[in-house]
Amino acid sequence: MNLFKLWTKRFVMVSLFILALGTTFQSVSGVEAQTFKTWLMEKGDADQTTLDYKEHKTSPLSLSLKFLKRFTGYETKVSASASVKPATLEESVDWDQYTKHKVVATGYTAGVESTGKDPGHPLYGITYSGVKVKRDLYSTIAADISVYPIGTILFIPHYGYGVVADTGSAIKGNKLDLYYETVDDVYNEWGKQTLDVYVIQMGSGELSEQQLTALNENKSMQVFRQQILSPEKE
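Structural notes, computed from the coordinates. As the structure is a computational prediction, the values presented were derived from the model and not from experiment.

Glancing now at the overall build of the chain. Helix and strand content of the chain: eight helices and six strands. Each helix and strand of the chain, ordered N terminal to C terminal, gives the series α-α-α-α-β-α-β-β-β-β-α-β-α-α. In the chain, of all internal contacts separated by at least 6 residues, the share reaching a separation of at least 24 is 69%. Total accessible area on the chain stands at roughly 15400 Å², and carbon and sulfur atoms take up 58% of it.

It is worth spelling out unusual backbone geometry at this point. Excluding glycine, a negative phi dihedral is what most residues carry, and trans is how most peptide bonds are arranged. A positive phi angle, near 70 degrees, is found at His158, a position not held by glycine. Mapping His158 onto the fold places it in the loop between β3 (153-156) and β4 (160-166).

So, on to the environment of Thr140. By the secondary structure assignment, Thr140 is in strand β2 (residues 138-143). Along the backbone, Thr140 and Tyr180 are 40 residues apart, and their C-alpha atoms lie at a distance of 9.1 Å. Leaving out residues up to four positions away in the same chain, Thr140 has contacts with Tyr108, Val131, Lys132, Val133, Lys134, Tyr159, Val163, Ala165, Tyr179 and Leu212.

Per the counting criterion, the structure on display carries two salt bridges. Residue Lys102 pairs with Asp196 through a salt bridge whose shortest N-O separation is 3.4 Å. Taken together, the residues Lys102 in strand β1 (residues 99-108) and Asp196 in strand β6 (residues 192-201) connect sequence positions 94 residues apart. With a relative accessible area of 52%, Lys102 lands in the exposed category. Looking at Asp196, the relative accessible area reads 25%, which means it is partly exposed. As a salt-bridge pair, Arg225 and Asp136 come within 2.8 Å of each other at their nearest N and O atoms. Taken together, the residues span a long stretch of sequence, with Arg225 in helix α8 (residues 222-229) and Asp136 in the loop between α5 (112-115) and β2 at a distance of 89 residues. Side by side, Arg225 and Asp136 carry an identical accessibility label, which is buried.

Mapped onto the secondary structure, Asp166 falls in strand β4. The buried charged residue Asp166 lacks any salt bridge partner; its closest oppositely charged side chain belongs to Lys117, at an N-O distance of 7.1 Å.

To continue, consider the packing of aromatic side chains. Each pair of aromatic rings is reported with the distance of its centres and the angle of its planes. Applying the stated rule across the entire model yields nine aromatic pairs. With a centroid separation of 3.8 Å and 5 degrees between ring planes, the pair formed by Trp95 and Phe155 is classed as stacked. Taken as a pair, Trp95 in the loop between α4 (89-92) and β1 and Phe155 in strand β3 lie far apart in primary sequence, 60 residues in all. Each member of the pair, Trp95 together with Phe155, is buried. Plain terms: the ring middles of Tyr138 and Tyr161 are 4.5 Å apart, the flat faces sit at 5 degrees to each other, and that makes the pair stacked. With Tyr138 in strand β2 and Tyr161 in strand β4, this residue pair connects regions lying 23 residues apart in the sequence. Each member of the pair, Tyr138 as well as Tyr161, is classed as buried. Three or more aromatic residues link up through ring pairs in this structure, and these residues are Trp95, Tyr98, Tyr138, Phe155, Tyr161 and Tyr198.

Cut-offs applied
- Per chain, residues are indexed from 1 in the order of the written sequence.
- Only residues with pLDDT of 70 or above have their local features reported here, since the model is predicted, and side-chain atom pairs are shown and tallied only from 80 upward, although totals for entire chains, interfaces and linings are computed over all residues.
- Hydrogens and water are ignored here; the side-chain numbers use all heavy atoms of the structure.
- Under the scheme used here, helices are H or I runs from DSSP no shorter than 4 residues and strands are E runs no shorter than 2 residues, and both carry numbers assigned from the N terminus.
- Residues are treated as being in contact if the distance between any of their heavy atoms lies within 4.5 Å.
- Values of accessible area rely on a 1.4 Å probe in the Shrake-Rupley scheme; residue burial ignores everything except the protein chains shown.
- In what follows, salt bridge is the name for a side-chain nitrogen of Lys or Arg lying within 4 Å of a carboxyl oxygen of Asp or Glu.
- For every residue, the accessible area (1.4 Å probe, protein chains only) is compared with the maximum for its type, and the residue is labelled buried under 20%, exposed over 50%, or partly exposed between those bounds.
- Charged residues are defined here as Lys and Arg on the positive side and Asp and Glu on the negative side; His and the ends of the chain fall outside this count.
- Pairing of aromatic rings covers Phe, Tyr and the six-membered ring of Trp, with a centre-to-centre limit of 6.5 Å; geometry is then stacked below 30 degrees between planes, edge-to-face above 60, and tilted otherwise.

Structure representation (structure tokens):
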């Protein structure tokens, strides 16, 4: 009798220990304690118990992997979208729809080095058309007005839109002079280039400050305007 009681107590203690272990394991790995209860109650059906255990064991892991995939996928999309740069003006328009001309383009400033006028001159910075020189989305440029009348709008790759507002003694035929604010800008950003430009609109022979301002303040073009006024430094 004493031996029977002893083994009974041991069996109960072992059972309680296994249940306690199962509860602890559940809190760590997410495996339900019911798996172990099933194992105790259905010892004879080892295959079913093994199947139940595998299902409980893999289910939380599968959910975790799905969550991680969704989370990392979301992070990747966010990171990708955050790193995407807005399209440039060159990339946003089909320029082939416009007439293309090959020109030799140089740069000029309003200063003595280009115009012979210093800041104290009454006509300093004033173009042949009467508007003030401007580096903007639509910048003032000099051209041979027998080829490109005043007011003609050209698109110059890597410079932007140029509006013919000025002339120059050396600017004849297929030559253009592009306005920059400083001599350093001329040398660092342009220099002298032979390239294709696109004729957006031929001019009427006149250009006013109001017309130039309206072009530059077109609301739909402001994102491109900022790319000209505040170019990213690599």
